[in-house]
Amino acid sequence: MFAGFSFAGSIPALVTPFAADGSFDEHGYRDFVEWQIAEGSSALVACGTTGEAATLSYDEHFHVVRVCVDQAKGRVPVIAGAGSNDTRVASANLRAAHEAGADAALMVPPYYNRPSQEGIFRHFEALAADAPLPIILYNVPGRTVTDIQPATLARVVTAFPQVFVGVKDASGVLARVSQHREACGPDFCQLSGNDDLALAFNVMGGTGCISVTANVAPKLCAEFQAACQAGDFVTALAYQDRLYPLHDALFTDASPGPVKYAMARVRAGFPETLRLPMTPAGDASRAAVDAALAHAGLV
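Now for a quick tour of the structure. These figures come from a predicted structure and were not determined experimentally.

A tally of helices and strands in the protein chain yields 12 helices and 8 strands. For a compact globule of 299 residues, the expected C-alpha radius of gyration is about 19 Å, and the protein chain comes in at 18 Å, within 12% of that figure. Here the C-alpha coordinates of the protein chain stretch approximately 50 × 45 × 35 Å along the principal axes. Put simply, the protein chain has 299 residues, and 53% of those count as buried. Residue pairs in contact within the protein chain that sit at least 24 positions apart in sequence constitute 73% of those at least 6 positions apart. Split by element, the accessible area of the protein chain, about 11900 Å² in all, is 54% carbon and sulfur. Each charge sign in the protein chain was given a centre, from 20 positive and 30 negative side chains, and these centres are 2 Å apart.

In structure tokens, the structure reads:
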């Protein structure tokens, strides 16, 4: 159904800029998308966790996706966050993402409900029945509590290989790269969900990263991923050493507070506004970000 879809390289999970009154800053977002493409990002994720999707209304969410698609103009794929803990809502989100022009959807397993592994499979089975877009599974148990075990992921991918084209793995368990390769084949698209582990993830067979740091350092992250794809892990390690303090600093307070602060440092006028319950990064976090930006040569 969706043969040929493959994702690799540096893929920023885009922050969503808000004006001082809390409304979506469309002009700022368009400029941001343009900069990301110019700096070498290979695809864009709109309305993921870092994009504060949890505080966007349904209409806002898919308006942001439409704006991202419109600005990208087919130069890079756009992946829309579309997950829900209600299977019916997730299915509706897939249709809305397709109608907004997205190239693929990023789907978490149901959160809060805490379904069994069978429930996780049945959730994705239902989505596959009429999926209008290829789906990248997003396993992030630190946020969802639910963990897609390797056997379940293999079951989903094997049952619907033309729908589930990849995984963003933020489990932090590096052995899963090898487990997924064994179960799903070496061509299955595996993207790290953790910037700090992306080097090891790629060495083990990963193809890239859906990245928070790439918001702030898109060119460096793209060059890092290009070195990995070329098998030049000596160069990739040098990039890792340069970027690691930033990977760490962006999670010294609740995300995306630190990354929005960092964005304001590297792009003058970028708004730091967040929506509650998210709050600005604290002083210690800001100091860590400042030091990391200097270490990376970004300020």
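Structure's up, so let's keep going.
A separate point is the layout of surface pockets. In this model, the largest pocket occupies a volume close to 650 Å³. Around the largest pocket sit 28 residues that line it, and Gly-48, Thr-49, Ala-53, Ala-54 and Tyr-111 are the ones nearest its centre. Residue assignment for the lining of the largest pocket shows that the elements contributing at least two residues are α2 (58-72), α3 (87-99) and α5 (141-144). The element best represented in the lining of the largest pocket is α2, accounting for 3 residues. Looking at the lining of the largest pocket, its residues break down into 15 nonpolar, 11 polar and 2 charged. Computed from the structure, the second largest pocket encloses a volume of approximately 420 Å³. As for the second largest pocket, its lining consists of 23 residues, and the residues nearest its centre are Arg-143, Gly-193, Asn-194, Val-212 and Phe-251. Listed by contribution, the elements that provide at least two residues to the lining of the second largest pocket are α5, β8 (208-211) and α10 (233-249). Per-class residue counts for the lining of the second largest pocket are 9 nonpolar, 9 polar and 5 charged.

Counting buried positions along strand β5 (residues 135-139) gives 5 out of 5 residues, so the element sits mostly inside the fold. Alternating positions in β5 separate into two faces, Ile-135, Leu-137 and Asn-139 on one and Ile-136 and Tyr-138 on the other, with burial throughout. The pairing of strand β4 (residues 104-107) with β5 spans 3 bridges and is classified as parallel. Looking at β5, one finds that Ala-105 is bridged to Ile-135. With respect to chirality, the unit in which β4 leads through helix α4 (residues 117-128) into the neighbouring parallel β5 is right-handed. Relative to strand β6 (residues 164-169), β5 runs parallel, the two being bridged by 5 bridges.

To continue, consider the sheet that holds β5. The 8 strands are arranged β1-β8-β7-β6-β5-β4-β3-β2 in an open sheet whose pairing can be described as parallel. The open sheet is flanked by β1 (9-12) and β2 (44-46), the only strands paired with a single partner. Across the sheet, the axes of successive neighbouring strands diverge by a mean angle of 25°, strand direction being ignored.

Here the focus is the pattern of salt bridges. Using the criterion set out here, one finds 12 salt bridges in the structure. A salt bridge links Arg-275 to Glu-60; the nearest nitrogen and oxygen atoms lie 2.7 Å apart. With a gap of 215 residues between them, Arg-275 in the loop between α11 (257-266) and α12 (283-296) and Glu-60 in helix α2 connect regions that are remote in the sequence. The class of Arg-275 is buried, set by a relative accessible area of 15%. A residue is classified by how much of its surface remains accessible, and Glu-60, at 25% relative accessible area, is partly exposed. Three or more residues are tied together by salt bridges with common partners; here these are Glu-118, Arg-122, Glu-125 and Arg-155.

Here we take up the nonpolar core. Judged by nonpolar contacts, the single largest core of 76 residues is most densely connected at Tyr-29, Met-107, Phe-124 and Phe-164. Residue contacts for Met-107: discarding those within four places in its chain leaves Ala-82, Gly-83, Ala-90, Leu-94, Phe-124, Leu-127, Ile-135, Ile-136, Leu-137 and Tyr-138. In this structure, Ala-13, Ala-104, Leu-106 and Val-108 belong to the second largest nonpolar core, which totals 17 residues.

As a further point, take the environment of Thr-152. Turning to its location among the elements, Thr-152 is positioned in helix α6 (residues 150-159). Residues Thr-152 and Ala-170 lie 18 residues apart in sequence; the distance between their C-alpha atoms is 16 Å. Thr-152 has contacts with Gln-117, Ile-120 and Phe-121, leaving out every residue within four places of it along the chain.

Parameters and conventions
- Residues numbered from 1 in each chain as written.
- Predicted model: local features only at pLDDT ≥ 70, side-chain atom pairs only at ≥ 80, totals over all residues.
- Heavy atoms only, no water.
- Helix = DSSP H or I, 4+ residues; strand = E, 2+ residues; numbered from the N terminus.
- Rg over C-alpha atoms; globule rule 2.2 N^0.38 Å.
- Buried < 20%, exposed > 50% of the residue type's maximum accessible area, 1.4 Å probe, protein only.
- Contact = heavy atoms within 4.5 Å.
- Areas by Shrake-Rupley, 256 points an atom, 1.4 Å probe, with all protein chains shown as cover.
- Lys, Arg positive; Asp, Glu negative; His and termini not counted.
- Charge placed at Lys NZ, Arg CZ, Asp CG, Glu CD.
- 1 Å grid on protein atoms, 1.4 Å probe; cavity = no way out; pocket = protein on both sides within 12 Å on 5 of 7 lines; lining within 4 Å.
- Points joined across faces, edges and corners; volume = space filled by probe spheres on them.
- Nonpolar A, V, L, I, M, F, W, Y, C, P; charged D, E, K, R; others polar.
- Pairing = 2+ DSSP bridges.
- Right-handed = clockwise from strand over helix to strand, strands pointing away.
- Axes fitted to C-alpha atoms, helices over the stretch in contact; angles between N-to-C directions.
- Salt bridge = Lys/Arg side-chain N within 4 Å of Asp/Glu carboxyl O.
- Core = buried A, V, L, I, M, F, W, Y, C linked by side-chain atoms within 4.5 Å.

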